[in-house]
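Letter by letter, the chains look like this.
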Amino acid sequence: MRRRDILFSAAATAVVGWSAGAQEGPKSARIGFIVTGELWPRRHFDEAMQRLGWAEGRNLTVERRVTGEDPERRKIAAAELVATNPDVIVAAGTLDAQTLLPLTRTIPIVVIRGQDLVEMGLVNSLARPGGNVTGIVVRGEELDGKRLQLLRELIPAAARISVLGYTQGPRSVPRAAAIEALARPLGLQVTARLVSEAEELGGAFAASAADHDQAMFVQGSSLIFENQHRVLALAAQYRLPAIYQLREFVDSGGLLSYGEVTRENFERAASLVDKILKGAKPADLPVEQPTTFELVVNLKTANALGLTVPPSILARADEVIE
């Protein structure tokens, strides 16, 4: 080989090596994780990070804070995470991100399941976040009309239903009003049952039963998710057919759910974290939205409630639990 070819080959190898190294990102990283409770399936995020090459105890250190529903406790947990100066902070939801943002405009924040991040003042736009926040936005109300139609199809004679929501949820109150408007053309009278703490859940179900509601529409929120077993037990106790936003409720004994695939939210969030750890800026990473939705039906629960699930629903279901 001539000397010129040798020099060219060596230079090319060096460029390739540098390029590969630049794409690999840092050899180790530190992230923070803030979440309301322990039931939130964080394992999906951990598993996705591992598939991307980030393993806790090997090249990844994770500082976790579980806040509960107390706003003051959430503020303390957020301040503790910011003080550790991690490479990225992962916020489970909108409330967590809203607590973090006043404390740092430099540490990247990735929201796993936010509501309207633009309306909440967390990003400038979905396409161009423009600051230190990006993530996954889930607009639950966009599917509420479909959920109401499923309830109507499942219980054709229903005239009254309840909407269970959480008062601290950023959009729970206007969303309940929107559901009422959507239900009117379907001949359904809607009563909002909004709770501010877990202790009020029993009263909400008791009031629904006393008013002879024939079904319940359960909004997705941190408090309701963290108390899913209590919610499911109350629905069974008062024999109230309920539709949920997340399939985790149906896996645990709920009747029906229609919504985004939770696991994909965590996988998308992990991908955003991976990109940031490798040098991307949150300001340049568009906020993503779910693209896959699933209908899940629990026939065992339907039988316990004395309901016959119409073939039209079973034919459309992505999964039927027997």
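Look above for the structure.
Keep in mind it's a predicted model, so treat the numbers as computed, not measured.

Reading the values: rules and limits
Residues numbered from 1 in each chain as written. Predicted model: local features only at pLDDT ≥ 70, side-chain atom pairs only at ≥ 80, totals over all residues. Heavy atoms only, no water. Pairing = 2+ DSSP bridges. Helix = DSSP H or I, 4+ residues; strand = E, 2+ residues; numbered from the N terminus. Axes fitted to C-alpha atoms, helices over the stretch in contact; angles between N-to-C directions. Contact = heavy atoms within 4.5 Å. Phe/Tyr/Trp six-rings, centres within 6.5 Å; stacked < 30°, edge-to-face > 60°. Buried < 20%, exposed > 50% of the residue type's maximum accessible area, 1.4 Å probe, protein only. Lys NZ or Arg CZ within 6 Å of the ring centre and 35° of its normal. Arc of directions from axis to C-beta. Right-handed = clockwise from strand over helix to strand, strands pointing away.

To continue, consider the sheet that holds strand β5 (residues 133-137). Pairing is parallel across the open sheet formed by five strands, whose spatial order is β2-β1-β3-β4-β5. This sheet does not close on itself; its edge strands, each paired only once, are β2 (60-66) and β5. For this sheet, the mean inter-axis angle between neighbouring strands, taken without regard to orientation, is 15°. As defined by bridge partners, strand β1 (residues 29-35) adjoins β2 across seven bridges and the pair is classed as parallel. Its bridge partner lying in β2, Ala29 is registered against Leu60. In this fold helix α3 (residues 71-83) packs onto β1, β2 and β3 (88-93), with an angle of close to 175° to the strand it touches most, β1. The sheet strands contacting helix α11 (residues 262-277) are β1, β3, β4 (109-114) and β5, and the helix crosses β4 at an angle near 170°.

Below, the discussion takes up the packing of aromatic side chains. Under the definition given, this model contains five aromatic pairs. Look at Trp40 and Phe225: their rings are 4.9 Å apart centre to centre, the planes differ by 80°, and that puts the pair in the edge-to-face class. A residue pair is termed long-range when its members are at least 10 positions apart, and Trp40 in the loop between β1 and α2 (43-51) and Phe225 in helix α8 (residues 222-226) qualify at 185 residues. Exposure remark for Trp40: the relative accessible area of 12% places this residue in the buried category. Relative to Phe249, the ring of Tyr244 lies with its centre 4.9 Å away and its plane at 5°, an arrangement referred to as stacked. Judged by its relative accessible area of 4%, Phe249 is buried. Clustering of aromatic rings is evident, with ring pairs tying together Trp40, Phe225, Tyr244, Phe249 and Phe266. Against the face of Phe33 rests Arg42, its NZ or CZ located 5.9 Å from the ring centre.

Taken together, the buried positions of α2 are His44, Phe45, Ala48 and Met49. Projected down its long axis, α2 shows its buried positions confined to an angular sector of 135°, all on one face. Seen from the open side of α2, the exposed residues pointing more than 90 degrees away from its buried face are Gln50 and Arg51. Packed against the buried residues of α2 are β1, β2, β3 and α11.

Turning to the pairing of β3, a few remarks are in order. Extensive coverage of β3 is indicated by the burial of six of its six residues. Here β3 pairs with β4 via four bridges, running parallel. Across the sheet, residue Ala91 finds its bridge partner in β4, namely Val111.

Attention now goes to the pairing of β4. The buried fraction of β4 amounts to six of the six residues, a majority that puts the element mostly inside the structure. The handedness of the β3 to β4 crossover, carried by helix α4 (residues 94-100), is right-handed. Bridge analysis of β4 against β5 gives four bridges, and the strand direction is parallel. Paired with Ile109 across the two strands is Val133, which belongs to β5.

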